[in-house]
Amino acid sequence: MTAQLGGTVTPVGGPTLTRMGYGAMQLAGPHVFGPPKDRGRAVAVLRAAVEAGITHIDTADFYGPVVVNEIIREALHPYPDGLHLVTKVGARRGADGGWIVSRHPEDLKAQVYDNLRHLGVETLDVVNLRLGDVDTPNEDSVAEPFGALAELRERGLIRHLGLSAASVAQLAEARAIAPVVTVQNLYNLANRRDEALLRRTAAEDIVFVPYFPLGGFTPLQSETLAKVATRLEASPQQVALAWLLRRSPNIALIPGTSSVAHLRENIAAAVLVLPDDAVAELDGIAG
């Protein structure tokens with residue numbers, strides 16, 4: 001079954017993840033805030049993902065907030081063996097739905113406890129520390145916030161640690177504190193700013209997880225992508241996902257959707273074969 005999901009990837013000392021995973025962010029209401037219009041549909045998508053063999057589900061307690069983690073618990077608890085829930089800390093939501101940076105060590109610890117409680121687990125599989133802005137890493141020191149998470153790892157509340165929206169320097173600083181098994185950064189066909197970070201993670205056997213693999217809130221628009229997709233009798237989204245899986249063997253994907261049909265389309269991208277000439281065309285999109 002894992003062959004239909006692009007195979008698996010295992011970071012040094014970390015969990016084995018299907019390369020085609022699932023991002024749960026879209027299970028919340030509009031703008032990732034509040035409850036979904038159809039909670040039953042959200043539950044069905046999660047169960048379909050696990051039934052398809054996906055072992056990598058990305059979430060965060062600030063999705064909703066709380067809503068998405070509670071839906072995951074409703075749909076999948078008790079969690080099947082081999083399923084890995086990867087969550088994030090470093091932000092909270094305002095009453096108006098705004099995103100509030102929150103990386104003070106004590107609040108990071110509180111966020112970990114929130115995730116534990118809402119997911120219904122005693123230990124979190126992987127916790128990513130969110131850094132920078134959504135699309136712009138910074139060079140702030142990670143010693144204090146990452147050190148707080150490393151302390152919780154030593155206490156057994158977290159199994160593995162990762163980073164999100166990180167720079168090469170921040171990755172190096174974090175690895176001097178505790179092992180890093182995943183890095184989540186903005187990366188897709190049109191935005192390859194973090195190519196150097198991708199190469200670094202590949203060399204160090206760290207899983208690289210591109211968020212917004214299809215462009216996020218501004219979907220990918222490319223005449224070249226559309227033409228390649230038409231030629232391959234696939235959707236542009238499938239081609240974009242297949243390109244990422246081919247880009248580097250340490251890449252794992254977490255495309256999100258609130259539709260079972262769309263979930264299945266995303267999964268099908270894992271077995272889409274891109275001819276070399278198509279890859280060459282796609283490689284040229286970012287210049």
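Residues numbered from 1 in each chain as written. Predicted model: local features only at pLDDT ≥ 70, side-chain atom pairs only at ≥ 80, totals over all residues. Heavy atoms only, no water.

### With respect to the environment of G156
Among the structural elements, G156 can be located in the loop between helix 4 (143-154) and strand 9 (158-164). Separated by 33 residues in the primary sequence, G156 and T123 have C-alpha atoms spaced 6.7 Å apart. If near-sequence neighbours (up to four positions away) are discounted, G156 is found in contact with E122 and T123. (Helix = DSSP H or I, 4+ residues; strand = E, 2+ residues; numbered from the N terminus. Contact = heavy atoms within 4.5 Å.)

### So, the environment of M20
By secondary structure assignment, the location of M20 is in the loop between strand 2 (17-18) and strand 3 (22-23). For M20, a relative accessible area of 1% puts it in the buried group. Separated by 231 residues in the primary sequence, M20 and I251 have C-alpha atoms spaced 9.2 Å apart. Apart from the residues lying within four places of it in its own chain, the contact partners of M20 are L5, I54, L245, L253, P255, N266, I267, A269 and A270. (Buried < 20%, exposed > 50% of the residue type's maximum accessible area, 1.4 Å probe, protein only.)

### A closer look at the environment of G98
If you trace the backbone, G98 turns up in the loop between strand 6 (91-93) and strand 7 (99-101). Relative accessible area serves as the criterion here: at 24%, G98 is assigned to the partly exposed category. In this structure G98 touches R92 and R93, once residues within four positions along its chain are discounted.

### With respect to helix 4
Across its 12 residues, helix 4 extends 16 Å between first and last C-alpha, which sits within 8% of the 16 Å expected from 1.5 Å per residue. Along its buried surface, helix 4 packs onto strand 5 (84-89), helix 3 (105-119), strand 8 (124-130), strand 9 and helix 5 (168-175). At the exit of helix 4 stands G156, carrying a positive phi of roughly 85 degrees. (Expected span 1.5 Å × (residues − 1).)

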